[in-house]
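Letter by letter, the chains look like this.
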Amino acid sequence: MAGSPRVGVIALQGDVREHERVLQGLGAETVRVRRAEELGRVDGLVIPGGESTVIDKLSRQFGLQQPIREAISTGLPVYGTCAGLILLADRIIDGTEGQQSFGGLDIAVRRNAFGRQTESFEAELTVPALGEEPVHATFIRAPIVERAGADVEVLAALSDRTIVAVRQGNLLGTSFHPEVGGDARFHEYFLRHVLARVRSATASAR
Ligand code: GLN
């Protein structure tokens, strides 16, 4: 589709295909990102769920860590789900020894915060930014946001107030996996930011 935004999905590990399906369903073009060159050609970026320690290590091996950090600091819209949220956090609690993140979100996330007893669960979330209809959210060995800085907008929390979705500037993160729940509204919300940035770049280039 001409004029559709091009969204990269970090394809080192994790549920890449599920994100591609949702993004394509919304009319975006998707590109699998494994190398820095591929990063330069996208209007937005998704960091999928999977295992944050593995994505961290591979991103360093593939020479992607620095380019991703630069892209984040220059305003590229990035959406991280679950492990992706961990990778966007400035601080990781209960990370493995030497685990790093790309950072950018002024938050502290706790990995595997729901413990072994509740490896996965589903919940209906109220997300005012997405309208009245609750979002059916799937949590799989999910992190939580334990602390959020003043510039972080909390988009959703569980009934006990545990923060599970945040936005700060160009960065969006959810503890859960909207890509497996059949509800495309988080991706749609993300794509709106991607399109807004594409439009403002096109306008200033004229
Ligand atoms: N527990 C995983 C991690 O620490 C995240 C799980 C997920 O992405 N579903 O990376």
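I will try to describe carefully the structure that is included in this document.

Procedures and definitions
Residues numbered from 1 in each chain as written. Predicted model: local features only at pLDDT ≥ 70, side-chain atom pairs only at ≥ 80, totals over all residues. Heavy atoms only, no water. Helix = DSSP H or I, 4+ residues; strand = E, 2+ residues; numbered from the N terminus. Buried < 20%, exposed > 50% of the residue type's maximum accessible area, 1.4 Å probe, protein only. Areas by Shrake-Rupley, 256 points an atom, 1.4 Å probe, with all protein chains shown as cover. Lys, Arg positive; Asp, Glu negative; His and termini not counted. Charge placed at Lys NZ, Arg CZ, Asp CG, Glu CD. Core = buried A, V, L, I, M, F, W, Y, C linked by side-chain atoms within 4.5 Å. Contact = heavy atoms within 4.5 Å. Near = heavy atom within 4 Å. Polar contact = N/O pair within 3.5 Å; in protein donor to acceptor, adjacent residues only side chain to side chain. Pairing = 2+ DSSP bridges.

### A look at the overall build of the protein chain
(1) Moving on: What the protein chain contains, in helices and strands, is seven helices and twelve strands.
(2) Moving on: Structurally, the protein chain occupies a C-alpha span of about 55 × 40 × 35 Å along its principal axes.
(3) Moving on: Buried positions account for 50% of the 206 residues belonging to the protein chain.
(4) Moving on: In the structure as shown, the protein chain presents an accessible area of about 9800 Å², 46% of it carried by carbon and sulfur atoms.
(5) Moving on: Within the protein chain, the 26 negative side-chain charges are centred at a point lying 5 Å from the centre of the 23 positive side-chain charges.

### A few points about the nonpolar core
(1) Moving on: One finds I10, V78, I107 and V166 to be the most contacted residues of the largest nonpolar core, which totals 30 residues.
(2) Moving on: Elements represented by at least two residues in this core include exactly β2 (29-33), β3 (44-47), α4 (65-73), α5 (83-88), β6 (105-110) and β11 (163-168).
(3) Moving on: At five residues, α5 tops the list of elements feeding residues into this core.
(4) Moving on: Not counting residues up to four positions away in its chain, the partners in contact with I107 are L85, A89, D90, R91, V145, R147, A148, V152 and V166.

### Quick look at the site of the ligand
(1) Moving on: Taken together, G49, G50, E51, S52, C82, A83, I86, R111, N112, I140, R141 and H177 make up the full set of residues adjacent to the ligand.
(2) Moving on: Between the ligand and E51, the relevant distance is 3.5 Å, taken from an oxygen atom to a side-chain nitrogen or oxygen of the residue.
(3) Moving on: Here R111 contributes a side-chain N or O atom positioned 2.7 Å from an oxygen atom of the ligand.
(4) Moving on: In the complex, 96% of the free accessible area of the ligand, which totals 300 Å², lies under the protein chains.

### Re the environment of R69
(1) Moving on: Along the chain, R69 falls in helix α4.
(2) Moving on: Taking the C-alpha atoms as reference points, R69 and L88, 19 residues apart in sequence, are found 9.4 Å from one another.
(3) Moving on: In this structure R69 touches Q100, S101 and F102, once residues within four positions along its chain are discounted.
(4) Moving on: Polar side-chain contacts of R69 include one of 2.7 Å to the backbone oxygen of S101.

### Remarks on the pairing of β3
(1) Moving on: Burial along β3 is two-sided: G44 and V46 facing one way and L45 and I47 facing the other are all buried.
(2) Moving on: In this structure, strand β1 (residues 6-10) lies alongside β3, joined through three bridges in parallel fashion. When the bridges of β3 are listed, G8 appears paired with L45.
(3) Moving on: Looking at chain direction, β3 and strand β4 (residues 78-81) are connected through three bridges and run parallel. Along β4, the bridge assignment pairs L45 with V78.

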